[in-house]
Amino acid sequence: MSADHEHPVNFDPTDAGHDPHHHHAPMGRAVRIGIGGPVGSGKTALTAALCRALGDTVNLAVVTNDIYTTEDADFLRKAGVLAVDRIEAVQTGCCPHTAIRDDITANLDAVELLEERIPGLELVIIESGGDNLTAVFSRGLVDRQIFVVDVAGGDKVPRKGGPGVTTADLLVINKIDLAPLVGADLDVMASDAHRMRGDLPVISQSLVATPNAPDVASWVQTQLHDCTVAAAPASR
Ligand SMILES: Nc1nc2c(ncn2[C@@H]2O[C@H](COP(=O)(O)OP(=O)(O)OP(=O)(O)O)[C@@H](O)[C@H]2O)c(=O)[nH]1
Ligand SMILES: [Mg+2]
């Protein structure tokens, strides 16, 4: 884990004109990135991948949402990708989208708990329970959201749209290693996704082929930088 809490994300000591004090998360808090998507699309696997990819350089923590269990949090704890005190589980007890969109109190409490526990926290990844194509996060809860669909759901999924596919800040088409097995056409999925999303980005990946999700990790780094710069004072 980064011990360098003095210098948040993307601090480059070789950058002579750089002022680290300009790099604070919005209102001094950690940047929050939500990961949503249908059941089993690979949200927890992506969360684990991001912890492996970024955990050494970014001071990060995770909140999971499950309906009745703490299965996703338990998986992450067992996977050893993050210290256990950096993982908080919210049991939603209802449709997962309610806890990330309509009544976000339990998630906000979990985020605040982590911020109090971990000094200099830079990033909180919030994994929604698996839901449907309409499960999007409240902008009151997250700064950016990633929507994960998978190839096994069929190449029609991006074309079907829904707010997750069309409005998420990043769409991830996961499990591309399975495309030949399920007869999914990756070119169709990518072009449908781009057509539905305009200029918003799309990343196709396989966590089997690239277990540390390098493309998504690099997108997250860029968002951390943009969020902290946007929150910094305009001039000094
Ligand atoms: N073949 C393949 N399997 C994957 C990939 N990514 C994830 N999986 C597997 O897909 C299954 C579901 O992944 P999870 O990460 O648990 O999915 P999830 O979206 O968190 O599921 P819920 O939280 O239950 O909605 C697991 O067995 C993963 O190992 C991938 O890129 N390729
Ligand atoms: Mg999960």
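Note that this is a predicted model, so its numbers are computed, not measured.

Engineer: In this structure, what is going on with the packing of helix H1 (residues 43-54) against helix H9 (residues 214-231)? I would like to understand it.
Structural biologist: Any two packed helices are characterised by how steeply their axes cross, that is the angle between the axes, and by the distance between the axes. At a minimum axis separation of 9 Å, H1 and H9 run at an interaxial angle of 70°. Considering the angle they form, H1 stands roughly perpendicular to H9. Handedness of the H1/H9 crossing: right-handed. Contact residues: H1 offers Leu46, Leu50, Ala53 and Leu54, while H9 offers Pro214, Val216, Ala217 and Val220. The class makeup of the residues in the contact of H1 with H9 is eight nonpolar, no polar and no charged.

Engineer: I tried to follow the site of ligand 1 on my own but got confused; where do I start?
Structural biologist: Among the 18 residues in the neighbourhood of ligand 1, the closest are listed as Gly42, Lys43, Thr44, Ala45 and Gly130. Top element by residues in the shell around ligand 1 is H1. It accounts for three residues. In the shell around ligand 1, the residues fall into five nonpolar, nine polar and four charged.

Engineer: Explanation requested: the sheet that holds strand S3 (residues 87-91) in the structure shown.
Structural biologist: Strand pairs in the sheet, formed through backbone hydrogen bonds, run parallel or antiparallel to each other. Strand order across the open sheet formed by seven strands is S3-S2-S4-S1-S5-S6-S7, with parallel pairing between neighbours. Each edge of the sheet is formed by a strand with only one pairing partner; in this case those strands are S3 and strand S7 (202-204). Averaged over all pairs of adjacent strands, the angle between strand axes in this sheet comes to 20°, irrespective of strand direction. Of the strands in this sheet, strand S1 (31-36), strand S2 (60-66), strand S4 (123-127), strand S5 (144-150) and strand S6 (170-174) are in contact with H1, which crosses S4 at around 165°. In this fold H9 packs onto S1, S4, S5, S6 and S7, with an angle of close to 145° to the strand it touches most, S1.

What counts and how
Residues numbered from 1 in each chain as written. Chains lettered and ligands numbered in written order. Predicted model: local features only at pLDDT ≥ 70, side-chain atom pairs only at ≥ 80, totals over all residues. Axes fitted to C-alpha atoms, helices over the stretch in contact; angles between N-to-C directions. Helix = DSSP H or I, 4+ residues; strand = E, 2+ residues; numbered from the N terminus. Parallel < 35°, antiparallel > 145°, perpendicular 65-115°, else oblique. Left-handed = near helix turned anticlockwise from the far one by under 90°. Contact = placed C-beta atoms within 7 Å. Nonpolar A, V, L, I, M, F, W, Y, C, P; charged D, E, K, R; others polar. Near = placed C-beta within 6 Å. Pairing = 2+ DSSP bridges.

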